[in-house]
Amino acid sequence: MASMVVDLILGWWLVAASRAQNLPRPSLSLHPSQGVSLGDNVTLRCHLPRLAAWVWLHQEGGWFYNKEKTKEQDAAEFSFVGTKREHAGRYLCLCRVSWSVGALEKSDPVELVLTDLRYPPSSISLHPEQHVGTGTSVTIRCWNKDYGATFLLHKDGSSDPLKHQDSSGGGAANFTFLAVTPADSGTYRCSYRLRGYPFVSSPLGDSVMLEVTPTPAPPGTPKLPDPTGAEEQSRANLVMALVRGFVAALVFGLGVFFVIDARSLWIRRDDNCVLCYTSSAAAITSVFQKVAEKAITPV
């Protein structure tokens, strides 16, 4: 009897563990998603793949924030009112459904970056200035008063920083773009984060505008292969058009040949018929003449 109970418990545990392994993972989102300053309110929302009874919000290297749901729901919210430096960091949420056996599903991490408006904005410069042609190398320089920081380069319209770089001696960082294209055109700004506070940022500083214009090739320059394959496609279309024209001309020529040949056959057949009719008539006339001659000749 005891062995049956053990087998039942083990079987239930295996089924529960198997079901837990097939669970989709939860996801975590920030509200607002960016532009949060120290002192602002922020909410981290854990979206659950299915109803869950226990949800945890974990700050890497920090605290666990626990929510035990009296009623199973498909989302759980964790709000910080009047954010502080210690709230900045990388978070993930974990959940466990009521019937699972110790199995936790965790989300991908999200970063809560808080802006400290007390930090002076960084300066920025562009070289060469503003208007450049395709293929030019461009450097954007960011600097401050050598606070010992990591600089981040932002482009308007992009939610995440494009590049980051530790400051060199003198509190500056150089971001170089080799062989720019029109896609690199846009407005750029800098921010920085002090060492020891990787999730506390300065406000965005002044901006520079980069405008990249296509540069026509000088006369006599060999034409480079078309990376998009448009030239090859046009050549293929030309070849197909020539082949189709040749096939159409061949079919038309064969049709004309068959018509002429058929007509000549009909003409030859008509001539043969006339000759046959003349020969037959002559033969019949000869027979009638012989019969007449025998009838007239006396016995």
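What you see is a predicted model; the values in this text were computed from it and never measured. Residue indices follow the written sequence of each chain, beginning from 1 at its first position. Where local features are concerned, this predicted model is filtered to residues with pLDDT of at least 70; where side-chain atom pairs are given and counted, the filter is 80 or more; whole-chain, interface and lining totals use all residues. To obtain the side-chain values, all non-hydrogen atoms of the structure were included, while hydrogens and water were left out.

Participant: Could you give an account of the state of the cysteines, naming the residues involved and the relevant values?
Facilitator: The term disulfide is used for any two cysteine sulfur atoms that are within 2.5 Å. In this structure the tally under the stated criterion is two disulfides. In this model Cys46 forms its disulfide with Cys93; the gap between the sulfur atoms is 2.2 Å. Note on the Cys46 and Cys93 pair: the S-S dihedral is about 60 degrees, so by sign convention the disulfide is right-handed. In this pair, Cys46 is assigned in strand 3 (residues 42-59) and Cys93 in strand 5 (residues 89-96), connecting sequence segments 47 residues apart. For Cys46, a relative accessible area of 0% translates into the label buried. When its relative accessible area of 0% is taken as the criterion, Cys93 is described as buried. One disulfide in the model links Cys142 with Cys190; its S-S distance is 1.8 Å. Judged by the torsion about the S-S bond (-40 degrees), the Cys142/Cys190 disulfide is left-handed. Taken together, the residues Cys142 in strand 11 (residues 138-143) and Cys190 in strand 15 (residues 186-194) connect sequence positions 48 residues apart. Accessibility assignment for this pair places Cys142 and Cys190 in one class, buried. Free cysteine: Cys95, not disulfide-bonded; nearest cysteine sulfur from Cys46 at 5.9 Å. Helix numbering and strand numbering both begin at the N terminus, where a helix is a DSSP run of H or I of at least 4 residues and a strand a DSSP run of E of at least 2. Only protein chains enter the accessibility calculation, which uses a 1.4 Å probe; a residue whose area is less than 20% of its type maximum is buried, one above 50% is exposed, and one in between is partly exposed.

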